[in-house]
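Structural characterization, general
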Amino acid sequence: MPRAKRPWMDDDNPCPRNDDLSLPKATVQKIVGEILPPAVGINFSKEARDLLIECCVEFITLISSEANDISEKDSKKTIACDHITKALDQLGFGDYVPAVLEAANEHKEVQKGREKKANKFEQSGMTLEELERLQQEQFAAAAARHN
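Each value, and the rule that gives it
Residues numbered from 1 in each chain as written. Predicted model: local features only at pLDDT ≥ 70, side-chain atom pairs only at ≥ 80, totals over all residues. Heavy atoms only, no water. UniProt positions renumbered as here; feature names shortened; annotations may be inferred. Helix = DSSP H or I, 4+ residues; strand = E, 2+ residues; numbered from the N terminus. Expected span 1.5 Å × (residues − 1). Buried < 20%, exposed > 50% of the residue type's maximum accessible area, 1.4 Å probe, protein only. Contact = heavy atoms within 4.5 Å. Phe/Tyr/Trp six-rings, centres within 6.5 Å; stacked < 30°, edge-to-face > 60°. Core = buried A, V, L, I, M, F, W, Y, C linked by side-chain atoms within 4.5 Å. Salt bridge = Lys/Arg side-chain N within 4 Å of Asp/Glu carboxyl O.

The name given to the protein in an unreviewed UniProt entry is NCT transcriptional regulatory complex subunit B, with the source organism recorded as Rhypophila decipiens. We quote the UniProt Function (unreviewed entry) comment for the protein here in full: "Part of the NCT transcriptional regulatory complex that acts as a key regulator of ergosterol biosynthesis and the azole exporter cdr1B. The NCT complex binds the promoters of genes linked to azole susceptibility, and especially represses the expression of cdr1B transporter."

1. Things to note about helix α2 (residues 46-73)
With 28 residues, α2 ought to run about 40 Å at 1.5 Å a step, and its terminal C-alpha atoms sit 41 Å apart, in line with that. Here α2 has its buried residues at Arg49, Ile53, Val57, Glu58, Thr61, Leu62, Ile63, Ser65, Glu66, Ala67, Ile70 and Ser71. Check the buried side of α2 and you find it contacts α1 (25-35) and α3 (81-90). Phi for Ser75, located one or two positions after α2, is positive at around 60°.

2. Let's talk about the packing of aromatic side chains
Scanning all chains against the criterion turns up two aromatic pairs. Taking 5.1 Å as the distance between ring centres and 85° as the angle between the ring planes, the aromatic pair formed by Phe59 and Phe93 counts as edge-to-face. Highlighted residues: Phe59 in helix α2 and Phe93 in the loop between α3 and α4 (97-118), separated in sequence by 34 residues. Residue class for Phe59 comes out partly exposed when judged on its relative accessible area of 33%. When the centroid spacing of 6.1 Å and the interplanar angle of 55° are considered together, the rings of Phe93 and Tyr96 count as tilted. Aromatic rings pair up to connect Phe59, Phe93 and Tyr96 into one cluster.

3. Re the nonpolar core
Membership of the largest hydrophobic core is limited to six residues, which are Ile63, Ala67, Ile70, Ala87, Leu88 and Val97. Of all the secondary-structure elements, those providing two or more residues to this core are α2 and α3.

4. As for the pattern of salt bridges
Under the definition given, this model contains four salt bridges. Where Glu109 meets Lys112, a salt bridge forms, and the shortest distance between an N and an O atom there is 3.3 Å. With Glu109 and Lys112 both in helix α4 and three residues apart, the pair spans about one turn of that helix. Taking the shortest distance from any N to any O, the salt bridge between Glu137 and Arg133 comes out at 3.0 Å. One end of the pair, Glu137, and the other, Arg133, are both in helix α6 (residues 128-146), four residues apart, so they sit about a helical turn from each other. Looking at Arg133, the relative accessible area reads 46%, which means it is partly exposed.

5. Some remarks on the environment of Leu36
As for its position among the elements, Leu36 is in the loop between α1 and α2. Take Leu36: its relative accessible area is 21%, and that puts it in the partly exposed class. Here Leu36 is in contact with Ile42 and Phe44, once residues within four sequence places are set aside.

Below you can see the structure in the form of structure tokens.
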């Protein structure tokens, strides 16, 4: 079945098409499963999941294309969160901006936690050789307990 022309595309500036773009089916199924009330017994067909994935990819393409245009007008080479929120507003999805900003803030907090974990090596005050020796000792002790 041929794809319909995307309404945000024009002949002068077509978006590159890649029919291989998708989202992980298991992830989408998990998200849908968390949303649907389990007690009601509503099922979500594979066809519905695949259609939802296609819609999500189209939505992402639409927003990123508009955000790219906004960043180019701002003479920026990187699309920033501000460009995404402006794109949402301009495309009529302004109601989503508060939720998007909240998600962006949550992501920043998660990233801070990951950075702290990444710095454990630096915070340990031990050399890489000392840490490797300690790891080998711990492996040996664990193996001795299980033998």
